[in-house]
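# Summary of structural features
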Amino acid sequence: MSAVRSAVIPSEPLFGTVVPAMVTPMTDEGAVDLEAAAALAEHLVDRGADGLVVTGTTGETSTLTDDENVAMFRTVVEAVGDRARVVAGTGTNDTAHTLELSRRAAETGVDGLLLVTPYYNKPNQAGIRAHFETVADGVDLPIMLYDIPGRSVMPIEPETVIALAQHPNIRALKDAKGDLQSTTTVLAHTDLDLYSGDDGATLPLMALGAVGVVSVAAHAAPELYRQLVDAVHAGDLAGARDHHFALDPVQRGIMTHVQGAVAAKAVLAAQGVIPSAAVRLPLVQATPDELSVIRADLAEAGITF
């Protein structure tokens, strides 16, 4: 393992600190709505986001064509690229496809790439490492790895992350593993910017040294996540804990009743931020009863619509 680093949090994390994993707005007929995407990006940045992940899992990337992904990258860069970091979700379970999409993303002016562990194929650690290094060798952009065994089945083991961190283009890790020992080992032995990939784990992971959060629930409350993250960076643990508890009903509302993208789109549409709550199959829209439960949760946090 590499030498243990000091516990210094970067003053300007490469990908921002409050980074919504942005939904991909669609028309009622299911077409990608680029005008609504630009407006949503501006809405989130105006309210505290300093980074955006575009067409990650929450952006329904697995049901988008490559041309739709690229159009989303370009649209968000043009809308807010001067005010926030734009991270393109280009990870797939096919290394050659991931590399090609990543190269196309680079041409749009994005600031970096989010690469999820190859899913479904179940590669071993050597295969996972080779996948990420192939993309990192082939595209000169900073990369955020995405470790989420709940979706990919295979974790990125700490030793693999530590090895990958030696690559100059691999700069960050979105950690949705739910394993504090693994997180601790990575933080102790790399200089990666680590982001919570689980909204409810933002404070615990930041207490360990994470720099921020890539968030789904931030669609509903970007200001509250900004307050939480800023409190931690200011060393105000008591204040951060208050913000953490204040976010509990938001996270319940967005993350526990229906799939996160479905809930986020339902709320944004009900608020009038996007014109439609449409999602693509196999996802389906929230029912009126499901939206009612989500409303009740968000109302606990003072968010009404």
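Owing to the predicted nature of the structure, the values given are computational and were not obtained by experimental measurement.

### A word on the UniProt feature "binding site: pyruvate" (unreviewed entry) in the protein chain
- Mapped onto this numbering, the UniProt entry annotates "binding site: pyruvate" (unreviewed entry) at Thr 58 and Val 214. The greatest C-alpha distance among the residues just named is 10.7 Å, despite their covering 157 residues of sequence, which places them together in space.
- By the element assignment, Thr 58 lies in the loop between strand 2 (51-54) and helix 2 (66-80).
- When its relative accessible area of 9% is taken as the criterion, Thr 58 is described as buried.
- If sequence neighbours within four positions are ignored, Thr 58 has contacts with Ala 21, Met 22, Val 23, Thr 24, Val 216, His 219 and Ala 261.
- Structurally, Val 214 is set in strand 8 (residues 212-215).
- Look at Val 214 and you get buried, because its relative accessible area is 2%.

### Overview of the packing of aromatic side chains
- Considering all chains together, one arrives at zero aromatic pairs under this definition.
- Seen from the ring of Tyr 146, Lys 174 lies directly overhead, with NZ or CZ sitting 3.9 Å from the centre.

### Thoughts on helix 9 (residues 222-233)
- Here helix 9 contains 12 residues, and its C-alpha end-to-end distance of 17 Å stays within 8% of the 16 Å for a straight helix at 1.5 Å per residue.
- Of the positions making up helix 9, those classed as buried are Pro 222, Tyr 225, Arg 226, Leu 228, Val 229, Ala 231 and Val 232.
- On the buried face of helix 9, the contacting elements are strand 1 (18-22), helix 1 (34-46), helix 8 (202-208), strand 8, helix 10 (237-246) and helix 11 (248-255).
- Phi turns positive, to about 80°, at Gly 235, one or two residues after helix 9.

### Brief notes about the UniProt feature "active site" (unreviewed entry) in the protein chain
- In the numbering adopted here, UniProt assigns the feature "active site" (unreviewed entry) to Tyr 146 and Lys 174. With the annotated positions falling across 29 residues, the maximum pairwise C-alpha distance of 4.7 Å places them together in a single cluster.
- Its relative accessible area of 5% is what places Tyr 146 among the buried residues.
- The contact partners of Tyr 146, leaving out residues within four places of it in the chain, are Thr 57, Leu 114, Leu 115, Val 116, Thr 117, Ile 156, Lys 174 and Ala 176.
- Among the secondary structure elements, Lys 174 is positioned in strand 6 (residues 170-175).
- The class of Lys 174 is buried, set by a relative accessible area of 6%.
- Here Lys 174 is in contact with Leu 114, Met 144, Leu 145, Tyr 146, Asp 147, Tyr 195, Gly 197 and Val 214, once residues within four sequence places are set aside.

### A closer look at the sheet that holds strand 5 (residues 143-147)
- Read around the closed barrel, eight strands run 1-2-3-4-5-6-7-8, paired in parallel fashion. On average, adjacent strands in this sheet sit at an angle of 25° to one another, irrespective of strand direction.
- Note that strand 1 and strand 2 share two bridges and pair parallel. When the sheet's bridge partners are listed, Met 22 is paired in strand 2 with Val 54.

### Remarks on the side chain of His 43
- By the element assignment, His 43 lies in helix 1.
- The buried category is assigned to His 43, whose relative accessible area is 15%.
- Engagement of the side chain of His 43 in a polar contact is seen with the side chain of Arg 47, the distance being 3.2 Å.

### Let's talk about the packing of helix 11 against helix 12 (residues 260-271)
- The contact between helix 11 and helix 12 brings their axes to 7 Å, and the two run at 110°. Relative to helix 12, the element helix 11 is oriented roughly perpendicular. Note on element contacts: helix 12 touches helix 11 through Gly 260, Ala 263, Ala 264 and Val 267, opposite Gly 253, Ile 254 and Met 255.
- Partitioned by chemical class, the residues of the contact of helix 11 with helix 12 number five nonpolar, two polar and no charged.

### Some remarks on the pattern of salt bridges
- According to the stated counting rule, one finds 12 salt bridges in the structure shown.
- Taking the shortest distance from any N to any O, the salt bridge between Arg 226 and Asp 50 comes out at 3.2 Å. Of this pair, Arg 226 sits in helix 9 while Asp 50 sits in the loop between helix 1 and strand 2, placing them 176 residues apart in sequence.
- Exposure remark for Asp 50: the relative accessible area of 23% places this residue in the partly exposed category.
- Here Arg 280 and Glu 68 are joined by a salt bridge, their closest N and O atoms 2.8 Å apart. Of the two residues, Arg 280 is situated in the loop between helix 12 and helix 13 (288-300) and Glu 68 in helix 2; the sequence distance between them amounts to 212 residues.
- The class of Arg 280 is buried, set by a relative accessible area of 17%.

Cut-offs and rules
Per chain, the residues get numbers from 1 upward, laid out in the order the sequence is written. Where local features are concerned, this predicted model is filtered to residues with pLDDT of at least 70; where side-chain atom pairs are given and counted, the filter is 80 or more; whole-chain, interface and lining totals use all residues. Side-chain measures here rest on the full set of heavy atoms in the structure, leaving out hydrogens and waters. UniProt positions are given in the numbering used here, feature names are shortened, and annotations may be inferred rather than shown by experiment. Each helix corresponds to a stretch of at least 4 residues labelled H or I by DSSP, and each strand to a stretch of at least 2 residues labelled E; elements are numbered beginning at the N terminus. Only protein chains enter the accessibility calculation, which uses a 1.4 Å probe; a residue whose area is less than 20% of its type maximum is buried, one above 50% is exposed, and one in between is partly exposed. Only heavy atoms enter the contact rule, under which two residues are in contact if any of them lie within 4.5 Å. Between the rings of Phe, Tyr and Trp (Trp by its six-membered ring), a pair exists once the centres lie within 6.5 Å; its type follows the angle of the planes, with under 30 degrees stacked, over 60 edge-to-face, and the other angles tilted. Charge-over-ring contacts are defined here by two conditions on Lys NZ or Arg CZ: a distance within 6 Å of the ring centre and an angle within 35 degrees of the ring normal. A helix is expected to span 1.5 Å for every residue after the first. By this definition, two strands are paired if DSSP reports at least two bridges between them. To obtain an axis, a line is fitted to C-alpha atoms, over the contacting stretch when the element is a helix, and the angle between two such axes runs from 0 to 180 degrees between their N-to-C directions. Side-chain atoms alone can form a polar contact between residues adjacent in sequence; in general such a contact is a pair of N or O atoms within 3.5 Å, and within protein one must be able to donate a hydrogen while the other accepts it. Throughout this description, any angle smaller than 35 degrees is read as roughly parallel, any larger than 145 degrees as roughly antiparallel, any in the 65 to 115 degree range as roughly perpendicular, and the remainder as oblique. For this classification, Asp, Glu, Lys and Arg are treated as charged, while Ala, Val, Leu, Ile, Met, Phe, Trp, Tyr, Cys and Pro are nonpolar and the rest, including Gly, are polar. The working definition used for a salt bridge is a side-chain nitrogen of Lys or Arg within 4 Å of a carboxyl oxygen of Asp or Glu.

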